[in-house]
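Survey of secondary and tertiary structure
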Amino acid sequence: MKKITKLLLGVVIAFVMTLNAHAVTISTNSTAGTTDTGSRYVTNTSTLTVSGVQSADTFKAYKILNTFYNSTTNTFTYEFTSTFQTFLTSTNGQTNDYSSLTVAQYQALTSGNTTSGSTTTNSTLDTLVSLYTTYIKANNVSGSDMTVSSTNATASLEAGAWLVLPTATTKVYAVMVGNIEFKANSNGTDWDITSPTIVAKVSSAAISKVLKDTSTTEGSYSIGDEYNYLITASIPTYPTNATNKTLTITETLENGITFGSIADVIVKDGATTLTTNTNGTVVDTNEHTVATIVKNGQEVTITLNADYISTNTVTIEYPATLNNSAVLGSTGNKTTTTLTYATQPYSTGNGTTTTTEGVVNTVTTYGIRLFKKNSSNTGLQGAEYIVYSDSGLTTSVGTITTGNDGYGTIDGLASGTYYLKENKAPTGYRINNDILTVTINTSNNYTETNQEDTQMGLLPTTGGIGTYIFIVMGAIIVIGALVFLYKYLNKNKNKDGK
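Before going into details, it helps to say that this report is about the structure given with it.

Reading guide: rules and limits
Residues numbered from 1 in each chain as written. Predicted model: local features only at pLDDT ≥ 70, side-chain atom pairs only at ≥ 80, totals over all residues. Heavy atoms only, no water. Core = buried A, V, L, I, M, F, W, Y, C linked by side-chain atoms within 4.5 Å. Buried < 20%, exposed > 50% of the residue type's maximum accessible area, 1.4 Å probe, protein only. Contact = heavy atoms within 4.5 Å. Salt bridge = Lys/Arg side-chain N within 4 Å of Asp/Glu carboxyl O. Helix = DSSP H or I, 4+ residues; strand = E, 2+ residues; numbered from the N terminus. Pairing = 2+ DSSP bridges. Axes fitted to C-alpha atoms, helices over the stretch in contact; angles between N-to-C directions.

**Notes on the nonpolar core**
Ranked by size, the top nonpolar core spans 50 residues in total, and within it Val50, Ile64, Tyr106, Leu163 and Val164 carry the most contacts. Residue contacts for Leu163: discarding those within four places in its chain leaves Lys60, Ala61, Tyr62, Ile64, Val129, Tyr132, Thr133, Ile136, Val175, Met176 and Val177. Ranked by size, the runner-up nonpolar core spans 40 residues in total, among them Leu247, Ile262, Val265 and Ala320.

**Some points on the pattern of salt bridges**
Per the stated rule, a full pass over the model turns up nine salt bridges. The partner of Arg369 in a salt bridge is Glu448, and the shortest N-O contact between them spans 2.7 Å. Note that Arg369 is positioned in strand 32 (residues 359-373) and Glu448 in strand 38 (residues 446-452), a separation of 79 residues in sequence. Looking at Arg369, the relative accessible area reads 29%, which means it is partly exposed. Each of the salt bridges in this network shares a partner with another, and the network as a whole consists of Lys372, Glu422 and Asp453.

**With respect to the environment of Val24**
Here Val24 lies in strand 1 (residues 21-24). We classify Val24 as partly exposed; its relative accessible area is 22%. With sequence-adjacent residues up to four places away left out, Val24 is seen in contact with Asn44, Phe182, Trp191 and Ile193.

**Some points on the sheet that holds strand 34 (residues 396-401)**
Strands sit in the order 34-33-36-37 across an open sheet of four strands; the sheet is antiparallel. Edge positions in the open sheet fall to strand 34 and strand 37 (436-439), since each of these has one partner strand only. This sheet shows a mean twist of 30 degrees between the axes of neighbouring strands, independent of strand direction. Strand direction decides the pairing type here: strand 33 (residues 384-388) and strand 34, joined by five bridges, are antiparallel. Bridge pairing links Tyr385 to Ile400 in strand 34.

Okay, here's the thing in structure tokens:
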């Protein structure tokens, strides 16, 4: 049974190897090697693939090792390319000095025939190729273009060691090294050439933002209300020795919104709440500056330090207030949030960062317009109403006073239902004790309502002109009776005087 298992395993391994290598006739040109002068430069090509990429990304491959073949001894040797050797020399005297690195030492850094550099470790290979990447970017080193189709980037490249770098992307890629090399096939005399596949280590960035109490991008408040925004940033993982780790959140507020105190901004690295100082620095328990907050007018920038962020999620909560410059209606008062991050960790300048599409949050506020009138629909000046937010009339949110046209307004109310009670009537009119109930119509800037007052000194009447006749006749009778009484009393007074 064990023999059968081993045999099957061997067949599987052989099958897998045939998927990644194929027998070739070794081709060379006239260039002789320096390590082995009897060897010649190998011109055979094979396909190098990077899987797990975005279709819009572009890549170049940069050669590290050339391959040489000695047909007499049937052996291969490897030498650094002239560009890579110049790079190694340039490190002389630096902290990471590779000026005396040998090919054998370089090969000892690799692991298998395909290595995908980690974004978080300081392994020797990562350190070396990251420095080479910086050199490539700084010196505009030429590379070989790769073709992207779906989620794969491919290129037909000569045998040797290759460094793959993105040239345009919205994500962050780790350094990637692939080796196209020769393997002895099963007969022990011929050679197969590998077609390596590198599984890309990709890290993405994104930003979202909601109003904390609604958990959506919109909310409605009254002028003077304080509320909180909640920003969530997905932070890419940068190579430890990257030279460009730009991470900046930009917050732009329209004039109707006032940013709260910097000291009240809450920043979290994952689940850990950091300390926000009044000077805008945000520090961890070791007093490392994880972020810096700067307010400039209606723009707030939050610069993150990737070296001290321990997770891939940063949340920022800050208070804001709707102020008297707020715009009424559904257009609302907006904030726009973006994240700018480095997509080229080893170079700076134009094209090395990407800014996300702005996340827009809208805060709305509205008004009520009251028309005070008499029975003739004429506007009345000087009516005063108290506006309440509850039917029990315990919470006042402001007043409305009508002008000479009979209209009065209250601005800056959150959507909802309000209750209006007349507190003072226009001169010559009685207070109307009926409560007006007004529900904000969010389709309009102002929700309209009206109420009529009764003029003082007038009794309510019914019927026609006959009623007035009876009143007049009654008045005549009363006056006549008073005249008769007066004369009667005078007459008796004169008699008594005799």
